[in-house]
Amino acid sequence: MLKVNSKKAINYLVKSSLKQYKMRNLFTIITIVLSVSLIAGLAFLSSAIEETERKELSTRQHVIYHNVNDKQISALKSHSQISFEKDIKRGQSFEQEDYIITPYYIEQNDSPFITVDIAEGRYPEQINEVLVYDQMLVQMGIKPRVGQSMSITYLDGTTEDYTVSGLLTAETTDVFPVYFSREYALSGSQLKDVPFDLSAQIEGAEKMGSEEFLSVIRGIGAGCGIDRKNINENNAFLRSLTYNYTEVIMIALLAFAILLVSVLVIYSIFYISISERTRQFGQLRTIGMTKKQVKRMVRKEGAVLSLIGSVIGIIIGAVFAFSMKPQGFSLDVFALYAIAIFAANFITVQVSIAKPAKLAASISPIEATRMSGYEVKNKKKQTKNLQRKLSPLSLSMISTKGNRKKSMMTIISLSLAGIVFMSASSYVDSMNAEEFSRESWFKFGEYTINISSNAAKVNDYGDMGIKANNPLNDTLIENLQAVDGVKKVIAMQTLSVNYTYNDVTKKDVAAPFTKDDAGLMSQYLKAGSIDYEKMIENKEIIIAHNEIAKEIFGWDFKVGDTVSLKWYNGENEVEDVFTIAGILQPSTTLYRNQEMFRLAHNAGWFMMPQGLLDTMMTPKFNLNTRIIVSTEDYWNTEERIEKEILSFTANNPLVTLSTLKSEMENDKQLYSVIYFTFMGAALFVIAFSIINLLNTLISNTMARKREFACLGAIGASNRQIKIMIIGEGMYFAAVNLIVTVTIGTLMGYALVKFAKWNGVSFLVYQFPLTYLLGYCLFVLLGTLAISAVISKVLSKKSLIERLRKIE
Amino acid sequence: MIILETRSLKKIYGSGDSTVHALDGVNLKVENGEFVSIVGTSGSGKSTLLHMLGGLDRPTSGDVIVGGKEIFTLKDEELTIFRRRKIGFVFQNYNLVPTLNVYENIVLPIGLDGNTPDKDYVDNIIHTLGLKSKLRNMPNNLSGGQQQRVAIARALASKPAIILADEPTGNLDSKTSQDVLSLLKVTSEKFKQTIVMITHNEEISQLADRVVRIEDGQIVGGVSNA
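Each value, and the rule that gives it
- Residues numbered from 1 in each chain as written.
- Chains lettered and ligands numbered in written order.
- Predicted model: local features only at pLDDT ≥ 70, side-chain atom pairs only at ≥ 80, totals over all residues.
- Heavy atoms only, no water.
- Helix = DSSP H or I, 4+ residues; strand = E, 2+ residues; numbered from the N terminus.
- Rg over C-alpha atoms; globule rule 2.2 N^0.38 Å.
- Buried < 20%, exposed > 50% of the residue type's maximum accessible area, 1.4 Å probe, protein only.
- Contact = heavy atoms within 4.5 Å.
- Lys, Arg positive; Asp, Glu negative; His and termini not counted.
- Charge placed at Lys NZ, Arg CZ, Asp CG, Glu CD.
- Arc of directions from axis to C-beta.
- Phe/Tyr/Trp six-rings, centres within 6.5 Å; stacked < 30°, edge-to-face > 60°.
- Pairing = 2+ DSSP bridges.
- Core = buried A, V, L, I, M, F, W, Y, C linked by side-chain atoms within 4.5 Å.
- Domains from an automatic or database assignment.
- Salt bridge = Lys/Arg side-chain N within 4 Å of Asp/Glu carboxyl O.
- Axes fitted to C-alpha atoms, helices over the stretch in contact; angles between N-to-C directions.
- 1 Å grid on protein atoms, 1.4 Å probe; cavity = no way out; pocket = protein on both sides within 12 Å on 5 of 7 lines; lining within 4 Å.
- Points joined across faces, edges and corners; volume = space filled by probe spheres on them.
- Nonpolar A, V, L, I, M, F, W, Y, C, P; charged D, E, K, R; others polar.
- Expected span 1.5 Å × (residues − 1).
- Patch = residues over 30% accessible without salt bridge, like charges linked within 9 Å, V, L, I, M, F, W, Y side chains within 5 Å.
- Areas by Shrake-Rupley, 256 points an atom, 1.4 Å probe, with all protein chains shown as cover.

**Student:** Which residues make up the overall build of chain B, and what values do they have?
**Tutor:** Within chain B one finds seven helices and ten strands. Taken over C-alpha atoms, the radius of gyration comes to 17 Å for chain B, in line with the 17 Å a tight globule of 226 residues would show. Projected onto its principal axes, the C-alpha positions of chain B cover 55 × 40 × 35 Å. Every one of the 226 residues in chain B was classed for burial, and the buried ones make up 57%. In chain B, of all internal contacts separated by at least 6 residues, the share reaching a separation of at least 24 is 69%. Put simply, chain B has 25 plus and 26 minus side-chain charges, and the middle of one group is 6 Å from the middle of the other.

Okay, structure coming up:
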């Protein structure tokens, strides 16, 4: 066969047709731009968030080797796999009047992590030099300036004099680190007995898998004689090494849904455009264009449109995402995503126009030149009734039913838009600032009274030392109960322990459960069993949050293993061995049940029968760690009740009060960031669905202008035609609204419930009435306006012109 | 009785050098029940004349009188209604509504006028045009000749004063053309229907009672075949 290069000729045809069908091009490009910018915005935003995190992590250590001696330090420092390192010492915190001081030594070198931002002066070099917060000096009643003399009196009564070598500035706080020189770290009273820690970044760690990274840092540690339990990897960094597939899958699914909608819209736009151009294709076929060439021509038109739309869409998406997270721009990722989106969109457009292109190619020269332009393919051969009602309104119904395929496309496209709209607005409307702040203990009440963590920090036995004379006592509880408007006072107990398991010794919290709770807990067991009495007898415990242990340590607790616990029993530090009797399901599952949340959220890894806990402590030891107060009518009584609670607690520095209101105040910024992110995405989706609606309505009516002209010729008045157009628009609007209200509501409800079930607990389902009313109004008015405009446009052209187009 | 009359009908397109006199003072009279064909070459002004006769387009000057009524004194909307009641069209490409069946297409103009069809009369037309067995069919399941017969039936159904046929056989082969034309002729006689048909085909025009020739927007001669 003779091979011809028809590229030039086809390109010419493509160009001229693109110039001619401006309306179609505009609609197609708008559709593409919307979908591409939506997908690009999501993808870029997610990548930008990840990139920002990665950049932040580059200024964090990868691992800390605890309790290292001189020999180990020099071995680590000369290790080839360690790129940066710093040795540090952290002394015992102690309380000074109403603030807390923590002594520190941090090696000064060019490592990018654990940096101290000195506002004025320099890091201490002499044994009697210190670097302090200006705020601390103010609290001490000393003028904050470099060169100032000051003294600190320590817990043992000794006082040491220092010179301020540098100043740090910070927002108001009551915990102040004080930095000392290396000399002081080696021989100063507060730090000389504290072992060094060495924090390090590992060469090339960013490119390792998480398993590989762990084996590298453990290998380095083992090589230097450091125990596994003294190797503390940076969990945030470790997490960044495993790719977050769920997010990628979510975006891919969403992108797929968006592209699916675009396919429908672009398909119908092109389908109509091709039908309108039957004659043109016929002529081209007559003068010798092959079917292949016709197909190629249509495909090229699509390619040009998708190119333009993709570029605009990617730019919009990128501007949106990177203006929200400017730190998150990375050229590599941007290029990769842009190419992927580009390709996905190109394929989408080509899929959308495959059928129309085939249709164009199948037009035979004879058919095209002899027949009129627009031939509806009607599968129906005969009607059931001889005559249906023929008023303008019923005519529009007949017409939508007659073009069943096209009507279905329109309805599907509109309905998808409506469903997406309802889902998005349900989600946004269901977001609840109060529930957001009630995520944790505020689920159970509006006030929590806790043992002050600052106070616990400076006690030799930590919070257990404070509990030995527990301020959260029965008197307080009785007082709280007596406050007018208080519904319930819940006291929660915990036992602070040091556990040893699998070579790890760490601090943790054990929480009790009662015999009644045991029944509920056994429904949430993943392994093992709960027999309350037997557990007391055999010193058995239950493990919660095991999946987090797996995440942090790489191993998890096993039923039947023993765990050694060490705790302060009110008189002495004691130690004992406990057997694991059962393991609870993952936290996300537990937290679907409010009672399980209360039991398990209170605990670290360990839960034990109340009866067992009682035997472990000196008699009458009060383990209360938190009191939750719930009220009848919070928003009307919060100020008064807060005052009354403060009257019991304000004078006691050992307890702190948090209120739902202050929590909401604290959460405000975070919540509004989350809210507006969702709102932004939802608005985008909503804009997409609404433009889609307009798009479909306009192209749908324009496609039938010939039919209207023909009706005009046989005597339908402009008013009658207008009624037909509006009637048809209203038919689609009605179907759309019905689907939006029914399926959309269901989907929105399901989405909210699903998200809530998966841990987005601040969602309280709200029927998005305002959004829906707005949507209804828009759909109805939009349809009316467009129909009116179209019929006006149609009636402006004379009948002859319109009829001529047919011939 | 004269049912249709034009008086110095003129239609001028464009202005200045590019002025085109599509119709240049046409005077035409058509008797009630007459079957007139207007013959002309492409660009002779025959289509423009037909559009004027049907009230689809307004002339630059001159009058068209249908049944004693000067139709261009009517407003657009009134003209539409007048057209619906008094004029039936038969187009070269049939212009049937694709979503309506044959019967519905036939009675559509009557429905648009808010009337119910005269059942006997419509049955008679359907019988005459041989469409009895096709009434429930959709237009795209019909041959070209059948579609044109539906279009003729539609034009007849509202008992118009005149039927205007614009190249009614333009899309049909010669055998089918003959069939359609003889049907036109038969209906014209049977229903005493005035028909004005335009065509470029001399042979076809000979079927009419009278042939009017048009050239450069002017009538150049009329031959009566009757």
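Anyway, onward from the coordinates.
**Student:** Give a detailed account of helix 21 (residues 546–553) of chain A, specifying residues and quantitative values.
**Tutor:** Residue and element names in this part refer to chain A. Residues of helix 21 that are buried include every one of Asn546, Ala549 and Phe553, and no others. The buried residues of helix 21 occupy an angular sector of 45° when projected down its axis, which confines them to one face. As for helix 21, its buried residues are in contact with helix 6 (210–223), strand 14 (495–501), strand 15 (504–513), strand 17 (540–543) and strand 19 (573–584).

**Student:** Pulling in residues and values, what's your account of the packing of aromatic side chains?
**Tutor:** Residue and element names in this part refer to chain A. On inspection of all chains with the given rule, the structure shows 36 aromatic pairs over all chains. For the pair Phe557 and Trp605, a centre-to-centre distance of 5.9 Å together with 50° between the ring planes defines the contact as tilted. Taken together, the residues Phe557 in the loop between helix 21 and strand 18 (562–568) and Trp605 in the loop between helix 23 (594–601) and strand 20 (606–609) connect sequence positions 48 residues apart. Like Trp605, Phe557 is buried. Ring centres 6.0 Å apart and planes at 55° place the aromatic pair Trp567 and Phe578 in the tilted group. Taken together, the residues Trp567 in strand 18 and Phe578 in strand 19 connect sequence positions eleven residues apart. With a relative accessible area of 0%, Phe578 lands in the buried category. Taken together, the aromatic side chains of Tyr499, Tyr501, Trp555, Phe557, Trp605 and Phe606 make up a single cluster linked through ring pairs.

**Student:** Describe the pairing of strand 1 (residues 63–68) of chain A, with residues and values.
**Tutor:** Residue and element names in this part refer to chain A. Judged from the four bridges that link them, strand 1 and strand 10 (residues 196–202) form a sheet pairing that is antiparallel. When the bridges of strand 10 are listed, Ile64 appears paired with Ser199. Pairing geometry for strand 1 and strand 11 (residues 231–233), over three bridges, is antiparallel. The residue bridging Tyr65 from the neighbouring strand is Ile231, located in strand 11.

**Student:** Explain the nonpolar core residue by residue, including any values.
**Tutor:** Leu711 of chain A together with Ile106, Leu108, Val122, Ile125 and Leu129 of chain B are the most contacted members of the largest nonpolar core, which totals 58 residues. For Val122 of chain B, the contacting residues outside a window of four places in its chain are Tyr103, Ile106, Val107, Ile110, Pro117 and Ala157 of chain B.

**Student:** Give a detailed account of the domain arrangement of chain A, specifying residues and quantitative values.
**Tutor:** Domain boundaries in chain A define domain 1 (7–60 + 234–371), domain 2 (92–193) and domain 3 (442–659). Distance from the C-alpha centre of domain 2 of chain A to the C-alpha centre of domain 3 of chain A: 35 Å.

**Student:** Talk me through the pattern of salt bridges; I want residue IDs and the actual numbers.
**Tutor:** Taken as a whole and assessed by the stated rule, the structure comprises 26 salt bridges over all chains. The salt bridge partner of Arg182 of chain A is Asp87 of chain A, with a shortest N-O separation of 3.1 Å. Of the two residues, Arg182 of chain A is situated in helix 5 (residues 182–187) and Asp87 of chain A in strand 2 (residues 82–90); the sequence distance between them amounts to 95 residues. When the shortest N-O distance is used, the salt bridge between Glu5 of chain B and Arg7 of chain B registers 3.4 Å. Relative accessible area serves as the criterion here: at 15%, Glu5 of chain B is assigned to the buried category. Given the relative accessible area of 37%, Arg7 of chain B is considered partly exposed. In the salt-bridge network here, residues are joined through shared partners; they are Lys77, Glu85, Asp87, Glu107 and Arg182 of chain A.

**Student:** Kindly report on the sheet that holds strand 12 (residues 447–451) of chain A, identifying the contributing residues and their values.
**Tutor:** Residues and elements named next belong to chain A. Spatially, the four strands line up as an open sheet ordered 13-21-12-22, and their pairing is antiparallel. Every interior strand has two partners, whereas the edge strands, strand 13 (486–493) and strand 22 (655–659), have only one. Between one strand axis and the next, the sheet turns by 15° as a mean value, whatever way the strands run. Note: strand 12 against strand 22, five bridges, orientation antiparallel. Its bridge partner being in strand 22, Ile449 is matched across the sheet by Leu657.

**Student:** Explain the pairing of strand 1 (residues 2–13) of chain B residue by residue, including any values.
**Tutor:** Residues and elements named next belong to chain B. Bridging between strand 1 and strand 2 (residues 20–31) involves nine bridges; their strand directions are antiparallel. The residue of strand 2 that forms the bridge with Tyr13 is Val20. From the end of strand 1 to the start of strand 2, which pair antiparallel, there are six residues, and Gly14 there has a positive phi angle of about 70°. The sheet contact formed by strand 1 and strand 4 (residues 61–66) spans five bridges and is antiparallel. Bridge assignment links Lys10 to a residue of strand 4, and that residue is Ser61.

**Student:** Hey, could you go over the sheet that holds strand 4 of chain B for me, with residue numbers and the actual values?
**Tutor:** Residue and element names in this part refer to chain B. The strand order across the open sheet built from four strands is 2-1-4-5, with neighbouring strands paired in antiparallel fashion. Each having just a single partner strand, strand 2 and strand 5 (69–70) make up the two edges of the open sheet. Across the sheet, helix 1 (residues 46–53) touches strand 1, strand 2 and strand 4, and the angle it forms with strand 1 is around 125°.

**Student:** Which residues make up unusual backbone geometry, and what values go with them?
**Tutor:** Residues and elements named next belong to chain A. Even without being a glycine, Asn67 presents a positive backbone phi close to 50°. Locating Asn67 in the fold gives a position in strand 1. Using a relative accessible area of 43% as the deciding quantity, one classes Asn67 as partly exposed. One non-glycine residue, His545, lies in the positive phi region at around 55°. Following the sequence through the fold, His545 ends up in the loop between strand 17 and helix 21.

**Student:** Which residues make up the side chain of Asp517 of chain A, and what are the values?
**Tutor:** Residue and element names in this part refer to chain A. Inspection of the secondary structure assignment puts Asp517 in helix 19 (residues 515–523). A relative accessible area of 12% means that Asp517 is categorised as buried. Sequence-distant contacts of Asp517, defined by excluding residues within four places in its chain, comprise Arg598 and Leu599.

**Student:** Explain the layout of surface pockets residue by residue, including any values.
**Tutor:** Residue and element names in this part refer to chain A. Counted as a void, the second largest pocket has a volume near 1,700 Å³. Arg90, Gln92, Asn498, Lys506 and Lys507 are, among the 46 residues lining the second largest pocket, the residues nearest its centre. Counting residues per element, the lining of the second largest pocket draws most heavily on strand 15, which supplies five residues. Of the residues in the lining of the second largest pocket, the class split is 15 nonpolar, 18 polar and 13 charged. Each of domain 2 (92–193) and domain 3 (442–659) contributes no fewer than three residues to the lining of the second largest pocket.

**Student:** Lay out the environment of Ile32 of chain A in plain terms, naming residues and giving numbers.
**Tutor:** All names here are of chain A. Examined against the element boundaries, Ile32 turns out to sit in helix 2 (residues 22–57). Using a relative accessible area of 0% as the deciding quantity, one classes Ile32 as buried. Sequence separation of Ile32 and Met521 is 489 residues, and the distance between their C-alpha atoms is 52 Å. With near-sequence residues (within four places) excluded, Ile32 lies in contact with Ile266, Leu305, Ser306, Gly309, Ser310, Asn345 and Val349.

**Student:** Break down helix 1 (residues 7–20) of chain A for me, with residues and values.
**Tutor:** Residue and element names in this part refer to chain A. In this model helix 1 runs 20 Å from its N-terminal to its C-terminal C-alpha over 14 residues, within 8% of the 20 Å that 1.5 Å per residue would give. Regarding helix 1, the residues found buried are Ile10, Leu13, Val14, Ser17 and Leu18. Seen end-on, helix 1 carries its buried residues on one side only, within an arc spanning 130°. Residues Lys8, Tyr12, Lys15, Lys19 and Gln20 are exposed on helix 1 and point more than 90 degrees away from its buried face.

**Student:** Would you mind going over the environment of Glu50 of chain A in detail, with residue names and values included?
**Tutor:** All names here are of chain A. Take Glu50: it is sitting in helix 2. The partly exposed category is assigned to Glu50, whose relative accessible area is 35%. Expressed as a C-alpha distance, the spacing of Glu50 and Ser787, which sit 737 residues apart in the sequence, is 47 Å.

**Student:** Explain a nonpolar patch on the surface to me, using residue names and the numbers behind them.
**Tutor:** A cluster of nonpolar side chains, Val304, Leu307, Ile308, Val311, Ile312, Ile315, Ile316 and Val319 of chain A, forms an exposed patch at the surface whose accessible area comes to about 620 Å². Looking at Ile312 of chain A, the relative accessible area reads 36%, which means it is partly exposed.

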